[in-house]
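Chains, contacts and geometry: an overview
Each chain, written out:
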Amino acid sequence: MSNVQKQLDKILPLVEKPARYIGGELNCVIKEPAPDMLRFAFCFPDTYEIGMSYVGMQLLYYLVNKEEKLWCERVFAPAEDMAEQMQKNGVFLFTLESKTPVRECDVLGFTLQYELGYTNVLLCLKEAGIPLLSSERSEDDPIIIAGGPCSFNLEPLADFIDIVLVGDGETQLVKLLELIRQCKLKGLKKKDILEEALSVPGVYIPSFYECEYDENGRYLRHRKLNEKAPGRVLRDFVSDLNDVDYPDKTLVPLIEIVHDRPSVEIFRGCTRGCRFCQAGMNYRPVRERKKERIVEIAKSQLLDSGAGELSVLSLSTSDYSDFEPLALDLMDYCLPRQIGISLPSLRMDNFAFRILDEMQGVRKSGLTFACEAGTQRLRDVINKNITEDHIFKTLDQAMDMGWQSVKLYFMIGLPTETYEDLDGIVDLSARIMQLAKSKGKRFNVNVSVSNFVPKPQTVFQWVAQNTSEEFEKKHFYLKDRLRPIKGVSYKYHGSYQSKLEAVFARGDRRLCKTMLTAFEKYGCRFDAWTEGFKEEAWEKALAETGIDDTYFALNELDPSDPQPWEIIDNGVSHEFYVRDYKKALAAETTPDCRQGCQGCGINQHTECPMCGSLS
Ligand code: SF4
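The rules behind each value
Residues numbered from 1 in each chain as written. Predicted model: local features only at pLDDT ≥ 70, side-chain atom pairs only at ≥ 80, totals over all residues. Heavy atoms only, no water. Pairing = 2+ DSSP bridges. Helix = DSSP H or I, 4+ residues; strand = E, 2+ residues; numbered from the N terminus. Contact = heavy atoms within 4.5 Å. Axes fitted to C-alpha atoms, helices over the stretch in contact; angles between N-to-C directions. Right-handed = clockwise from strand over helix to strand, strands pointing away. Core = buried A, V, L, I, M, F, W, Y, C linked by side-chain atoms within 4.5 Å. Buried < 20%, exposed > 50% of the residue type's maximum accessible area, 1.4 Å probe, protein only. Patch = residues over 30% accessible without salt bridge, like charges linked within 9 Å, V, L, I, M, F, W, Y side chains within 5 Å. Areas by Shrake-Rupley, 256 points an atom, 1.4 Å probe, with all protein chains shown as cover. Salt bridge = Lys/Arg side-chain N within 4 Å of Asp/Glu carboxyl O. Lys, Arg positive; Asp, Glu negative; His and termini not counted. Charge placed at Lys NZ, Arg CZ, Asp CG, Glu CD. 1 Å grid on protein atoms, 1.4 Å probe; cavity = no way out; pocket = protein on both sides within 12 Å on 5 of 7 lines; lining within 4 Å. Points joined across faces, edges and corners; volume = space filled by probe spheres on them. Nonpolar A, V, L, I, M, F, W, Y, C, P; charged D, E, K, R; others polar.

**Quick look at the sheet that holds strand 3 (residues 107–111)**
- If you trace the 6 strands from one edge of the open sheet to the other, you get 2-1-3-4-5-6, paired in mixed fashion. Because the sheet does not close on itself, it has two edges, and the strands there are strand 2 (70–76) and strand 6 (203–204).
- Note that strand 4 (residues 143–147) and strand 5 (residues 163–165) share 2 bridges and pair parallel. Within the sheet, the bridge partner assigned to Ala146 lies in strand 5 and is Val164.
- Its contacts with the sheet put helix 3 (residues 55–65) on strand 1 (38–44) and strand 2, and the angle it makes with strand 2 is roughly 155 degrees.

**Quick notes on the pairing of strand 16 (residues 405–412)**
- Pairing of strand 15 (residues 367–372) with strand 16 involves 5 bridges; the strand directions are parallel. Looking at the pairing, Phe369 lines up with Leu408 of strand 16.
- Sheet topology note: the strand 16/strand 17 (residues 444–451) ladder contains 8 bridges and is parallel. In the sheet register, Met411 faces strand 17, and the bridge partner there is Ser450.
- Where the polypeptide runs from strand 16 across helix 14 (residues 419–438) and back to strand 17, its parallel neighbour, the crossover connection is right-handed.

**Remarks on the nonpolar core**
- Counting 177 residues, the largest nonpolar core has Phe40, Phe110, Ile163 and Leu395 as its most contacted members.
- Tallying contributions element by element places helix 14 first for this core, with 9 residues.
- Ignoring sequence-local partners within four residues, the contact set of Ile163 consists of Ile143, Ile144, Ile145, Ala146, Leu176, Ile180, Leu194, Ala197, Val203, Tyr204 and Ile205.
- Counting residues in hydrophobic clusters, the runner-up holds 26 residues, among them Phe237, Ile382, Val459 and Val578.

**Re a negative patch on the surface**
- Judged by side-chain charge, Glu469, Glu470, Glu472, Glu535, Glu536 and Glu539 come together as a negatively charged surface patch.
- Counting only elements with at least two residues in the negative patch, the list comes to helix 15 (468–482) and helix 18 (535–544).
- Mapped onto the elements of the fold, Glu470 is located in helix 15.
- Residue Glu470 is classed as partly exposed on the basis of its relative accessible area of 38%.

**Points about the layout of surface pockets**
- One number sums up the size of the second largest pocket: a volume of about 390 Å³.
- Looking at the lining of the second largest pocket residue by residue, the classes come out as 6 nonpolar, 3 polar and 7 charged.

Here it is, written out as structure tokens:
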């Protein structure tokens with residue numbers, strides 16, 4: 001194996017933030033390579049600061065490295081200046097731990113958290129000197145695997161990825177890597193290794209299928225090219241989080257990163273059933289980690305890292321069944337040591353106020369409400385269980401206790417939305433300011449609006465997205481009406497990026513060509529970043545490869561038509577999606593599973609702790 005350290009000594013002084021590329025952090029794992037060891041390059045295809053903030057990477061890094069014969073090393077996408085220097089000096093993309101060129105590793109794995117990161121997969125492959133297309137790679141190239149939230153529809157990357165892992169990585173990844181190690185020791189060829197990999201639950205091999213379309217270009221089906229491939233791939237589940245290990249020590253970054261604090265996942269899944277939310281469907285059922293173990297992990301991570309803040313992770317913090325005792329235990333440890341606790345997605349009630357007040361003292365950070373829609377009618381359509389009564393009661397108390405700002409999150413372009421719903425956003429903001437005025441308080445309302453993107457495997461998967469023009473018009477409508485309200489600020493997202501996100505989210509494998517064109521011909525990369533995003537280049541790439549973005553993003557789909565992402569089964573039944581979609585259009589809500597099972601179908605595959613059944 002070679003090592004690029006010498007060349008790095010030359011180029012690192014020339015690039016911004018060289019610490020992104022040097023490794024050697026506290027708890028970084030260095031192993032002695034051995035002929036029977038499998039070398040795994042684990043890539044987060046974005047910058048170090050973003051990738052190092054992702055808890056899943058820390059978790060999988062720890063679990064893989066616990067295995068004696070597996071070595072997991074990290075890789076991040078090089079920023080533009082670094083990529084330029086690497087090309088000039090003939091340096092291929094390398095692992096941070098041993099500075100080994102990635103192309104010399106056995107397996108290169110990508111974790112894909114958002115669709116606009118797809119061209120960065122191509123960037124990393126190119127910088128690594130690995131052919132982009134699976135079909136053009138040799139036996140000497142690493143096997144390319146991918147997982148993460150995007151694995152529920154990775155068809156737009158089907159031509160580039162050898163193995164997709166769908167589900168909870170804790171159990172799958174080590175199994176798959178160990179299997180590949182054994183296969184390599186036996187001298188198996190890549191094609192045979194891929195066949196063997198099918199024995200790991202949740203494995204999808206895109207090259208084992210081809211897609212068929214009708215005469216109008218509509219997707220019809222995945223046709224098997226390999227008889228061993230399953231008709232549908234069922235996502236793999238960890239049925240009890242307490243049965244899988246969690247790192248007691250984490251990698252401590254060398255430079256400031258986006259979320260710079262140890263994080264403990266307290267539970268996975270969500271019972272609330274928001275109809276736009278992909279994570280809410282893909283990570284069912286709710287599985288909780290035991291309180292004692294959470295506290296133990298938190299103490300150990302804090303002690304080891306010396307961090308001044310701890311974060312607890314979940315989709316809805318207050319829904320943790322032992323939340324109050326947990327919060328009190330964490331406070332008992334953290335407060336005397338001046339360690340802050342971040343509790344995202346916290347539902348504000350008296351207890352939450354008490355703990356926030358104790359933790360934040362006189363320096364109150366802003367409150368946030370993910371209202372998502374401006375009227376109760378539309379909140380019922382999307383099944384967002386938050387009422388104005390709750391918002392006003394909370395803010396009334398918050399203002400009395402010294403809070404000076406609130407952040408309100410909304411989405412526009414939601415199904416059945418009218419301008420009355422937009423007026424609801426304006427009206428809510430104005431009334432909050434009136435409340436502050438009536439109490440003689442200084443207060444700010446920060447309105448943040450994103451664009452609705454229909455995601456596969458959600459109740460709204462068939463919904464047509466607004467056009468860019470419709471989004472723009474709505475943003476200006478809101479801007480014009482919010483601007484005159486003193487104390488209210490307004491932030492919104494670019495509409496073209498949202499359209500592209502919908503195209504990739506609902507796309508099929510015909511988009512692989514578009515990815516290649518956008519990346520190779522027009523230099524598209526880092527598409528999730530606002531700066532440098534190339535709208536015109538994407539327009540050209542889509543047009544040149546014959547992709548009609550209307551087909552993928554703007555069409556309302558028929559629930560009875562087959563969709564390319566249905567090759568993956570996340571466990572939630574088609575009948576549930578259809579039933580809940582009809583209820584949405586009638587503005588009927590579906591209760592939280594904690595109030596009774598709603599029959600989503602997940603309990604056909606795993607025991608559901610909410611309803612206690614496996615049907
Ligand atoms: S099986 Fe029932 S209780 Fe369990 S997640 Fe689905 S709807 Fe909720």
